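Reading the structure
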Amino acid sequence: MVKNLSNIWNFIILAVLALVMLVGISAAAGTSNPASQVGSTLPGTSEKNTRGDGLPEPEPETTIKPSTAPAAEPVLEHPEAAAPPAVPISGDDMKPVPGTTIPAPAQNNVTSPSLSSNPGASATQAPAASNSPVPPSPPAPTTTATPKPSPSQSPSPSPTPTTTPPTSPVPAPSGKVILGYYAGWAAYSGYKPSQIPATRLTHINYAFAKIGSDLKIALGDPAVDPGNLSALVKLKNVNPNLKILISVGGWNDSGRFSDAALTDASRTAFADSVVAFIKKYGLDGVDIDWEYPVSGGLATNTRRPEDKQNYTLLLAKLREKLTQQGAKDGRHYWLTAAGSAGSSYAKNVELSKIHQYLDYALVMTYDINGPWDAFTGFNAPLYASDGPTAYYRWSVDSAINMYLSSGFPASKLVMGIPFYGYVFRGVAPANNGLYQAFASGASASYDSIQSQYAANPAFAAYNSDAVAPWLFGGDTFISYDNAESITRKAQYIKTRKLAGAGIWELSQNRNGTLLDIIHQNLR
């Protein structure tokens, strides 16, 4: 029996020990598995205050207001490397980068400076949204816009410019100028450059070169111009001091001057082409005959209000380029211009400025009256006449005074003298045909007027206090200059201390009788 009790007691002890071991193992397993702890709480977290962005919500009854202070800019140790280089944006593709303001282009196509010296900083930044703290914004590049260039065929006008005068203005000619225009088409009528009395001239202007579609100088008539220019240069064999200039423009070929003068680039291209032209043909300079800046000339001409300032800039650029070439060649290249005698011309050019770039200017003191008017009148009266209106009382003297009062020095003014006149037909006999209505009119050379009308006893000669001779016979009225009026004009040039006389044009008096008179009085 005792043995049986001992066995039972041993069994109970073993069972208790087994039970204790099972309980310990179960407790250890439950502590190591957090997923089994339903309803447990981790420190510092809760399901209700955990947001998708991982940022904690504010404590209850706390509101975050947008800051009124500007957002802080990130500090960059190497700002030049923080943002990629700005990519130029052209014209229609111009779109702002988010968070970036593209500055408007400044005048003259000079890009405005960046709004910030920090290339990674935004030009503008929006305020933070309510109840939402704003994380630091990533740096955005500052983008500089490059304006799309205008098409070359119609360049945009530049702002009204200011010019820097040369260190010293070009001096006036030392002696009296006796200038003669030789028209290229005269060769077709048999008057060759070799027939010009070169010893009685100081300058010959060849008329005309033109401006090509590329806004550079071009031959006006390639069929005869090269030969004529070569023949004119050969006249230096009989007059070594003779200067040969190329005249650009004129009435028929001034249509592209406004475009050529429009921008610094177009002015430079034109001036460079002029220098190359002068060098190619062995000439001494250029004469600019723009008819006319701002208004006037052929109806098909391009014209702009800014022609007034751009004409000055064009002459300045030409003088700059001619001076540079002259320094290389050890000589002086001439720059001259022809200007209108009309009363409105002084309003459309800067006479007080352009003279500093010019050796002289020819005032086209002819065509004061002509077939475009309602009544007969004088082509080139030296003084005001007793015409029916102020229009008919304008004169050579009026034009010279207009230039002088506008600041152009007398020592650089060349008076234009016409070797032609106008013939009016269908004229009433009242007042010997002067200031009368007419049926038709046309220009005529001095030679033809002299042979057909002045030598004809059917025509009577008249003169007036205006120093303007005319002929009248039947129903024909002729205004022209003769030996007497040209003598008076030469005397006027000397008295007023003008630079000299300029003739349009040499083929109209082929035996040179009128040129002889000018030479005798001025030289």
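Given the structure is predicted, the values throughout are model-derived calculations rather than measurements.

Section: the overall build of the chain
Secondary structure summary: the chain contains twelve helices and 14 strands in total. Per-residue burial for the chain yields a buried fraction of 42% across its 523 residues. Contacts in the chain between residues far apart in sequence, at least 24 positions, make up 72% of those at least 6 positions apart. As displayed, the chain offers around 27,100 Å² of accessible surface, 57% of which is attributable to carbon and sulfur atoms.

Considering the environment of Arg304
Mapped onto the elements, Arg304 comes out in the loop between β5 (285–289) and α6 (307–329). With relative accessibility at 16%, the residue Arg304 sits in the buried group. With 45 residues separating them along the chain, Arg304 and Asp259 place their C-alpha atoms 9.1 Å apart. At 2.8 Å, the side chain of Arg304 and the side chain of Ser258 are in polar contact. Within the local environment of Arg304, its side chain forms a polar contact with the side chain of Asp259, the two groups lying 2.9 Å apart.

Quick notes on the packing of helix α5 (residues 264–281) against α6
For the pair α5 and α6, interaxial distance at closest approach is 9 Å and the crossing angle is 40 degrees. When the axis of α5 is compared with that of α6, the two are oblique. The hand of the α5/α6 crossing is right-handed. On the side of α5, the interface is formed by Asp264, Arg267, Thr268, Phe270, Ala271, Asp272, Val274, Val275, Ile278 and Lys279, while α6 contributes Asn310, Leu313, Leu314, Lys317, Leu318, Lys321, Leu322, Gln325 and Asp329.

Examining the sheet that holds strand β13 (residues 476–479)
Strand pairing in a sheet is mediated by backbone hydrogen bonds. Such pairs are either parallel or antiparallel. The strand order across the open sheet formed by five strands is β10-β9-β13-β12-β11, and the pairing between neighbours is antiparallel. With partners counted over all chains shown, the strands left at the sheet margins are β10 (440–445) and β11 (460–462), one partner each. Neighbouring strand axes in the sheet, compared pairwise and without regard to direction, differ in orientation by 20 degrees on average. Bridge analysis of β11 against strand β12 (residues 470–473) gives three bridges, and the strand direction is antiparallel. Counterpart to Ala461 in the pairing with β12 is Leu471. This element, helix α10 (residues 446–454), spans β9 (420–425), β10, β12 and β13 of the sheet and lies at about 110 degrees to β10.

Quick word on the side chain of Lys489
Turning to its location among the elements, Lys489 is positioned in helix α11 (residues 483–495). Excluding its chain neighbours within four sequence positions, the residues that come into contact with Lys489 are Ala380, Leu382, Val396, Met415, Ile417, Pro418 and Asp481.

Comments concerning the pairing of strand β7 (residues 360–364)
Where burial is concerned, most of β7 is hidden: five out of the five residues are buried. Every second residue of β7 is oriented toward a common face, with Tyr360, Leu362 and Met364 on one face and Ala361 and Val363 on the other, all of them buried. In this structure, β7 lies alongside strand β8 (residues 413–418), joined through three bridges in parallel fashion. Looking across to β8, one finds that Val363 is bridged to Met415. Remark: the β7/helix α9 (residues 396–405)/β8 crossover connection has right-handed handedness.

Some words on the pattern of salt bridges
Scanning the entire structure with this criterion turns up twelve salt bridges. Lys317 serves as the salt-bridge partner of Glu320, at 3.3 Å between the closest nitrogen and oxygen. Linking Glu320 with Lys317, this pair stays in helix α6, spanning three residues, or about one helical turn. According to the relative accessible area criterion, Glu320 is partly exposed, its value standing at 34%. Members of the salt-bridge network, linked through shared partners, are Lys236, Asp284 and Arg331.

Comments concerning the packing of aromatic side chains
For the structure on display, the rule yields 29 aromatic pairs. Considering the side-chain rings of Tyr453 and Phe459, the 5.2 Å spacing of their centres and the 85 degrees angle between planes classify their relative orientation as edge-to-face. Residue classification places Tyr453 among the buried residues on the basis of a relative accessible area of 9%. The class for Phe459 is buried, based on a relative accessible area of 16%. The rings of Phe375, Phe378, Tyr391, Tyr392, Phe424, Tyr435, Phe438, Tyr462, Trp470 and Phe477 are connected pair by pair, giving a single aromatic cluster.

Quick notes on the rules
Residues numbered from 1 in each chain as written. Predicted model: local features only at pLDDT ≥ 70, side-chain atom pairs only at ≥ 80, totals over all residues. Heavy atoms only, no water. Helix = DSSP H or I, 4+ residues; strand = E, 2+ residues; numbered from the N terminus. Buried < 20%, exposed > 50% of the residue type's maximum accessible area, 1.4 Å probe, protein only. Contact = heavy atoms within 4.5 Å. Areas by Shrake-Rupley, 256 points an atom, 1.4 Å probe, with all protein chains shown as cover. Polar contact = N/O pair within 3.5 Å; in protein donor to acceptor, adjacent residues only side chain to side chain. Axes fitted to C-alpha atoms, helices over the stretch in contact; angles between N-to-C directions. Parallel < 35°, antiparallel > 145°, perpendicular 65-115°, else oblique. Left-handed = near helix turned anticlockwise from the far one by under 90°. Pairing = 2+ DSSP bridges. Right-handed = clockwise from strand over helix to strand, strands pointing away. Salt bridge = Lys/Arg side-chain N within 4 Å of Asp/Glu carboxyl O. Phe/Tyr/Trp six-rings, centres within 6.5 Å; stacked < 30°, edge-to-face > 60°.

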